[in-house]
Amino acid sequence: ETGVTQSPTHLIKTRGQQVTLRCSSQSGHNTVSWYQQALGQGPQFIFQYYREEENGRGNFPPRFSGLQFPNYSSELNVNALELDDSALYLCASSGDRSYEQYFGPGTRLTVT
Amino acid sequence: LAKTTQPISMDSYEGQEVNITCSHNNIATNDYITWYQQFPSQGPRFIIQGYKTKVTNEVASLFIPADRKSSTLSLPRVSLSDTAVYYCLLNSNSGYALNFGKGTSLLVTP
């Protein structure tokens, strides 16, 4: 059983650019959630996908969007990057009706 | 959303038992109490979950009083590798969003 993986590990972008972060969920997990973690803070929920449909969204603007694919992979897209988007982005997968979410190691995004 | 309150930081020596208490006065009937652990530059890791009374696994114990307005995570005989941030969360087991606060930063020293 493989764990949750994310790519890239680190990324540097310029304000106004767009970025795509990728996540590979644990095999068999139909639910994927994305979180943003600023330095010194706990992770904040961005949105969740279940079987390729958005299943819930946190307090993030529409320029944060996502996709989930049938092969247990998913993407987080952020348009018009702002300096405050600099953070660790985490994805987490879980099985149907499972309260336990398995987190990936995260992608560290720096916006300059 | 029900909010949780926990100490910002705690210090302990190796080999001691550490108890981290979390307050959740407005916990809902269908809320479970869940604890995650996070090491620097890693994603959080599930530790334990409970609804009431006591739950124990190979890593920790979780004590929940009858009124469920607080809970205590107990880590027996901590080691240096237990230095991490510990988050107390409430979730309704729907697989929905996990609401992390700032957590408790535990420092274990020799």
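Everything here concerns the structure above.
So, here is what we can say about the structure in this document. Position labels on residues start from 1 in each chain and follow its written sequence. The lettering of chains begins at A and the numbering of ligands begins at 1, in the order of writing. Note on the predicted model: pLDDT of at least 70 is required for a residue's local features to be given, and 80 or more for side-chain atom pairs to be given and counted; whole-chain, interface and lining totals, by contrast, use all residues. Side-chain figures throughout are based on the complete set of non-hydrogen atoms in the structure, without hydrogens or water.

1. Quick look at the layout of surface pockets
Right, on to step 1. Empty space within the second largest pocket amounts to approximately 360 Å³.
Right, on to step 2. Of the two site types, the cavity is a set of points on a 1 Å grid over the protein atoms alone where a 1.4 Å probe fits but cannot get out, and the pocket is an open set with protein on both sides within 12 Å along at least five of seven lines, each lined by residues with an atom within 4 Å of a point. Forming the walls of the second largest pocket are 18 residues, and the residues nearest its centre are Gln 37, Gly 40 and Gln 41 of chain A together with Val 85 and Tyr 87 of chain B.
Right, on to step 3. Three classes are used: nonpolar for Ala, Val, Leu, Ile, Met, Phe, Trp, Tyr, Cys and Pro, charged for Asp, Glu, Lys and Arg, and polar for all others, with Gly counted as polar. Residues belonging to the lining of the second largest pocket are distributed by class as follows: 8 nonpolar, 8 polar and 2 charged. Grid points are joined across faces, edges and corners, and a volume is the space filled by probe spheres set on the points.

2. Considering the environment of Arg 63 of chain A
All names here are of chain A.
Right, on to step 1. Each helix corresponds to a stretch of at least 4 residues labelled H or I by DSSP, and each strand to a stretch of at least 2 residues labelled E; elements are numbered beginning at the N terminus. As for its placement among the helices and strands, Arg 63 is situated in the loop between β6 (53-57) and β7 (64-68).
Right, on to step 2. Three labels apply to residues, based on accessible area from a 1.4 Å probe with only protein chains included: buried if under 20% of the type maximum, exposed if over 50%, partly exposed otherwise in between. The buried category is assigned to Arg 63, whose relative accessible area is 16%.
Right, on to step 3. Separated by 21 residues in the primary sequence, Arg 63 and Asp 84 have C-alpha atoms spaced 13 Å apart.
Right, on to step 4. By definition, residues are in contact when any of their heavy atoms lie within 4.5 Å. Ignoring sequence-local partners within four residues, the contact set of Arg 63 consists of Asn 77, Val 78, Asn 79, Ala 80, Leu 81, Glu 82 and Asp 85.

3. With respect to the state of the cysteines
All names here are of chain A.
Right, on to step 1. By definition, disulfides here are pairs of cysteine sulfur atoms that lie within 2.5 Å. Scanning the entire structure with this criterion turns up 2 disulfides over all chains.
Right, on to step 2. A sulfur-sulfur separation of 1.9 Å characterises the disulfide bridge that pairs Cys 23 with Cys 91. Taking the torsion about the S-S bond as the criterion, the Cys 23 to Cys 91 disulfide, at about 70 degrees, is right-handed. In this pair, Cys 23 sits in strand β3 (residues 19-24) while Cys 91 sits in strand β9 (residues 87-94), placing the two residues 68 residues apart along the sequence.

4. Things to note about the pattern of salt bridges
Residues and elements named next belong to chain A.
Right, on to step 1. For this analysis, a salt bridge means a side-chain nitrogen from Lys or Arg found within 4 Å of a carboxyl oxygen belonging to Asp or Glu. Under the counting rule described, the total for this entry stands at 4 salt bridges over all chains.
Right, on to step 2. With a shortest N-O distance of 2.8 Å, Arg 63 and Asp 85 are connected by a salt bridge. Taken as a pair, Arg 63 in the loop between β6 and β7 and Asp 85 in the loop between β8 (73-78) and β9 lie far apart in primary sequence, 22 residues in all. Like Asp 85, Arg 63 is buried.

5. Quick look at the nonpolar core
Right, on to step 1. Residues belong to one nonpolar core when they are buried, are Ala, Val, Leu, Ile, Met, Phe, Trp, Tyr or Cys, and are joined through side-chain atoms within 4.5 Å. Ranked by size, the top nonpolar core spans 20 residues in total, and within it Ile 33, Trp 35, Ile 47, Leu 73, Leu 75 and Tyr 86 of chain B carry the most contacts.
Right, on to step 2. When contributions to this core are tallied by element, the ones reaching two or more residues are β2 (18-23), β3 (32-38), β4 (45-50), β6 (61-64), β7 (70-75), β8 (84-91) and β9 (104-109) of chain B.
Right, on to step 3. Ranked by residue count, the leading element in this core is β8 of chain B, at 4 residues.
Right, on to step 4. Phe 64, Leu 76, Leu 81 and Cys 91 of chain A belong to the second-largest nonpolar core, a separate cluster that totals 19 residues.

6. Focus on the sheet that holds β3 of chain A
All names here are of chain A.
Right, on to step 1. The strand order across the open sheet formed by 4 strands is β1-β3-β8-β7, and the pairing between neighbours is antiparallel. Of all strands in the sheet, those with a lone pairing partner are β1 (5-7) and β7, marking the two edges. Within this sheet the neighbouring strands show an average axis-to-axis angle of 20 degrees, counted without direction.
Right, on to step 2. We call two strands paired when DSSP finds no fewer than two bridges between them. Summarising the sheet, β3 and β8 pair through 6 bridges and their orientation is antiparallel. Residue pairing in the sheet places Val 19 in a bridge with Val 78 of β8. Helix axes are fitted only over the stretch in contact, all axes being lines through C-alpha atoms; the angle between N-to-C directions runs from 0 to 180 degrees.

7. What to know about the environment of Gln 18 of chain A
All names here are of chain A.
Right, on to step 1. Structurally, Gln 18 is set in the loop between β2 (10-13) and β3.
Right, on to step 2. On the basis of relative accessible area, Gln 18 is assigned to the partly exposed category, the value being 36%.
Right, on to step 3. Along the chain, Gln 18 and Glu 82 lie 64 residues apart, while their C-alpha atoms are 9.9 Å from each other.
Right, on to step 4. Once residues within four sequence positions are removed from consideration, Gln 18 is found in contact with Lys 13, Asn 77, Val 78, Asn 79 and Leu 81.
Right, on to step 5. Side-chain atoms alone can form a polar contact between residues adjacent in sequence; in general such a contact is a pair of N or O atoms within 3.5 Å, and within protein one must be able to donate a hydrogen while the other accepts it. Within polar-contact distance, the side chain of Gln 18 engages the side chain of Thr 20 at 3.0 Å.

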